[in-house]
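Coordinate inspection notes
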Amino acid sequence: MLHLRTSKSQLMSRISQKFKSPIVIFFTVLIGILLISVPPAFTKQPVVLNLLMTAPDAQTWKQTVVKDFEAKNPGIRVNVIEGPNATNLIEDMYTSAFVLGDSPYDLVNMDVIWTPKFAAAGWLMDLSDRMTKEQLSVFSPKDVDGGRYEGKLYRIPMRSDVGMLYYRKDLLKSAGFNPPETFADLLKISKALKEKDKVNWGYLWQGKQYEGLAAMFVEVLQGFGGYWVNPDTLEVGLDQPESIKAIAFLQETIQEGIAPAGVTTYQEEETRRIFQNGEAAFVRNWPYAWPLGNADDSPVKGKIAIKPMVGTPGQNGGACLGGWGLGIAKNSKHPEEAWKAIQYFTSEAAQRKFILQAGFVPSRRSLFTDPQIVAKYPHYPEILRVVDQAVLRPPIAQYAQASDILQRYLSSALTNRMNPEKAMKAAAAETKRLLKT
Ligand code: GLC
């Protein structure tokens, strides 16, 4: 640029010596000044940050935080690339790009379960020095922990998430039922409402072989007092009696017609649509389903309530911690711009707007009791309590493989291709072998 400026001014002075008329000199100087003072922003292309995410998330991002960030930072553009709905498919896309090297992504929108794998593989920049303890203390500790690996920080939480039970408060009330506390209550109320022809289905859950199946199962398993992998001892609990009871409960919902047989092919969106259409009494889902269920065109608007998942007597229901955060790809050519974007996307103002639009769960604790947010989502103070008690899926570098093992055997058991005991024995043995490697 300096070299360019020098040659431009030399050129100007040569021209002005040749044409001595004052008017020519005036215009020459004016053009020279204009040439020299063109700000770099007009001569440079904006920096483009590539960011891949699930298609439903992408819409909200583009309409809210990306639009605002670009308006405040004209030199930076965020290119949101829309991927499939299932988190594990997005993970596969990031993984293949990183494995091939020279990935096109600058920002990495990461599910809470990916950090150990991505960090261990060396695909992420270490962000530990970018934030102080005080700056991190405003986020829910479990969301921050989900971004750590071997003591270093790789992901800043953008939003939290937690599995909840949705129910039709109008139907329960008119049939004289209190909200269920146990699996037995859930089955009983479901059967009664079905018998009265109030609904086609009692309880819907995510049964397809994908990550959502693992998240849903963690909750039922915890409700029965069981566990998947103990992250401290690496003990595997899948072949324990609690796990067999959890499968038996899910199977019973299908056998009794409380859930349709097709539930074993459903992801979150299929279950949400059926519930929102007024066809089911209960559904397990994440909080994003709340504003959609209460939208003006929703048949169940104003008729739904949300509560923590049920458990067994004396055992609280389980809550699976989900959530998404941002990291920077190790090979990004724009780490400073990427960090600027992360700071904005995880800021209080950006999160507030994002949440008011989409019903996602904040990662900043103050927003759970923020007057604007509580006015729209009165259940958020309770969701904070559930988030605090929620369980992380095993935070291990081999998580993707461990989850794949669970998904495969669980799906075989739920679709009657394998006996549950045999399936869980095999799942436990494979998981143990994996954890040894
Ligand atoms: C939600 C959760 C995420 C989880 C996924 C499973 O997006 O935030 O943590 O893995 O659902 O489908």
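What you see is a predicted model; the values in this text were computed from it and never measured. (Residues numbered from 1 in each chain as written. Predicted model: local features only at pLDDT ≥ 70, side-chain atom pairs only at ≥ 80, totals over all residues. Heavy atoms only, no water.)

**Quick notes on the overall build of the protein chain**
Within the protein chain, the secondary structure is distributed over 20 helices and 12 strands. Seen through its C-alpha atoms, the protein chain measures out along the principal axes to roughly 100 × 50 × 40 Å. Counting over 437 residues, the protein chain shows a buried share of 54%. Sequence separation of at least 24 residues holds for 72% of the intrachain contacts in the protein chain that already meet a minimum separation of 6. Roughly 19600 Å² of accessible area belongs to the protein chain as shown, and the carbon and sulfur atoms make up 55% of that amount. Charge separation in the protein chain, taken as the distance between the mean sites of 51 positive and 44 negative side-chain charges, equals 6 Å. (Helix = DSSP H or I, 4+ residues; strand = E, 2+ residues; numbered from the N terminus. Buried < 20%, exposed > 50% of the residue type's maximum accessible area, 1.4 Å probe, protein only. Contact = heavy atoms within 4.5 Å. Areas by Shrake-Rupley, 256 points an atom, 1.4 Å probe, with all protein chains shown as cover. Lys, Arg positive; Asp, Glu negative; His and termini not counted. Charge placed at Lys NZ, Arg CZ, Asp CG, Glu CD.)

**Here we look at the sheet that holds strand β3 (residues 107-111)**
Pairing within the open sheet is mixed, and its 6 strands lie in the order β2-β1-β3-β11-β6-β12. Two strands in the sheet have a free side with no partner beyond their single neighbour: β2 (76-83) and β12 (361-362). Taken together, the 2 bridges between strand β1 (residues 47-54) and β3 define a ladder with parallel strand orientation. Considered in β3, the bridge of L51 is made with L107. Of the strands in this sheet, β1, β2, β3, β6 (156-162) and β11 (321-328) are in contact with helix α15 (residues 335-345), which crosses β11 at around 150°. The sheet contacts of helix α16 (residues 348-358) involve β6 and β12, and relative to β6 the element is tilted by about 30°. (Pairing = 2+ DSSP bridges. Axes fitted to C-alpha atoms, helices over the stretch in contact; angles between N-to-C directions.)

**Let's talk about the layout of surface pockets**
Size it by volume and the largest pocket reaches roughly 700 Å³. Surrounding the largest pocket, 33 residues form its lining, T54, P56, D57, Y288 and F360 being those nearest its centre. Looking at the lining of the largest pocket, the elements with two or more residues in it are α4 (55-72), β6, α11 (211-223), α13 (268-276), α14 (289-293), β11 and α16. The element that contributes the greatest number of residues to the lining of the largest pocket is α13, accounting for 5 residues. Across the lining of the largest pocket, the residue classes tally to 12 nonpolar, 10 polar and 11 charged. Viewed by domain, the lining of the largest pocket spans two of them, domain 1 (47-160 + 322-385) and domain 2 (164-320 + 398-436), each represented by three or more residues. Approximately 300 Å³ is the volume found for the second largest pocket. Lining of the second largest pocket is provided by 20 residues; of these, P308, M309, N316, G317 and Q389 occupy positions nearest its centre. The greatest single-element share of the lining of the second largest pocket, amounting to 4 residues, is contributed by helix α18 (residues 380-389). Residues of the lining of the second largest pocket, tallied by class, amount to 6 nonpolar, 10 polar and 4 charged. (1 Å grid on protein atoms, 1.4 Å probe; cavity = no way out; pocket = protein on both sides within 12 Å on 5 of 7 lines; lining within 4 Å. Points joined across faces, edges and corners; volume = space filled by probe spheres on them. Nonpolar A, V, L, I, M, F, W, Y, C, P; charged D, E, K, R; others polar. Domains from an automatic or database assignment.)

**Examining the packing of helix α12 (residues 241-255) against helix α19 (residues 399-414)**
How two helices sit against one another is set out by the angle between their axes and by the gap between those axes. Contact geometry of α12 with α19 gives a least axis separation of 10 Å together with a crossing angle of 45°. In this view, α12 runs oblique relative to α19, as classed from their interaxial angle. As α12 packs across α19, the resulting crossing turns out to be right-handed. Residues I247, L250, Q251 and I254 of α12 form the contact with α19, whose own contacting residues are L410, A413 and L414. Split into classes, the residues belonging to the contact of α12 with α19 amount to 6 nonpolar, 1 polar and no charged. (Parallel < 35°, antiparallel > 145°, perpendicular 65-115°, else oblique. Left-handed = near helix turned anticlockwise from the far one by under 90°.)

**Notes on the pattern of salt bridges**
If you walk through the whole model with that rule in mind, you get 21 salt bridges. The salt bridge involving K62 is made with E82; its shortest N-O contact spans 2.8 Å. Taken together, the residues span a long stretch of sequence, with K62 in helix α4 and E82 in strand β2 at a distance of 20 residues. Given the relative accessible area of 36%, E82 is considered partly exposed. Of the charged contacts, one joins K353 and D68 as a salt bridge, the two residues approaching to 2.9 Å between their closest N and O atoms. Of the two residues, K353 is situated in helix α16 and D68 in helix α4; the sequence distance between them amounts to 285 residues. Take K353: its relative accessible area is 40%, and that puts it in the partly exposed class. Through salt bridges with shared partners, a single network forms among D57, R159 and D161. (Salt bridge = Lys/Arg side-chain N within 4 Å of Asp/Glu carboxyl O.)

**Re the side chain of N50**
Here N50 lies in strand β1. Here N79 takes part through its side chain, which lies 2.8 Å from a polar atom of the side chain of N50. Leave out the neighbours within four places in its chain, and N50 touches N79, I81, P104, Y105, D106 and L107. (Polar contact = N/O pair within 3.5 Å; in protein donor to acceptor, adjacent residues only side chain to side chain.)

**Quick word on the domain arrangement of the protein chain**
If you check the domain split of the protein chain, you get domain 1 (47-160 + 322-385) and domain 2 (164-320 + 398-436). Here domain 1 and domain 2 have C-alpha centroids that lie 27 Å from each other. At the interface, 18 residues of domain 1 touch 15 residues of domain 2. Buried area between domain 1 and domain 2, both sides added, is near 1300 Å², and the carbon and sulfur share of it is 70%. In this assembly, domain 1 and domain 2 are joined by 0 salt bridges. Joining domain 1 to domain 2, the criterion identifies 2 residue pairs in polar contact (both at pLDDT 80 or more). Mapped by element, the contributors of at least two residues to the side of domain 1 that touches domain 2 are α5 (87-100) and α18. (Buried area = accessible area lost by both parts, 1.4 Å probe.)

**Quick word on the pairing of β11**
Summarising burial for β11: 8 of the 8 residues are buried, a large majority. Residue alternation in β11 divides its side chains into two sets, L321, G323, G325 and G327 and G322, W324, L326 and I328, and both sets are buried. Examined bridge by bridge, β3 and β11 share 5 bridges and lie antiparallel to one another. Bridge pairing in β11 links V108 to G327. Here β6 runs beside β11; their pairing, made up of 6 bridges, is antiparallel. Paired with V162 across the bridge in β11 is L321.

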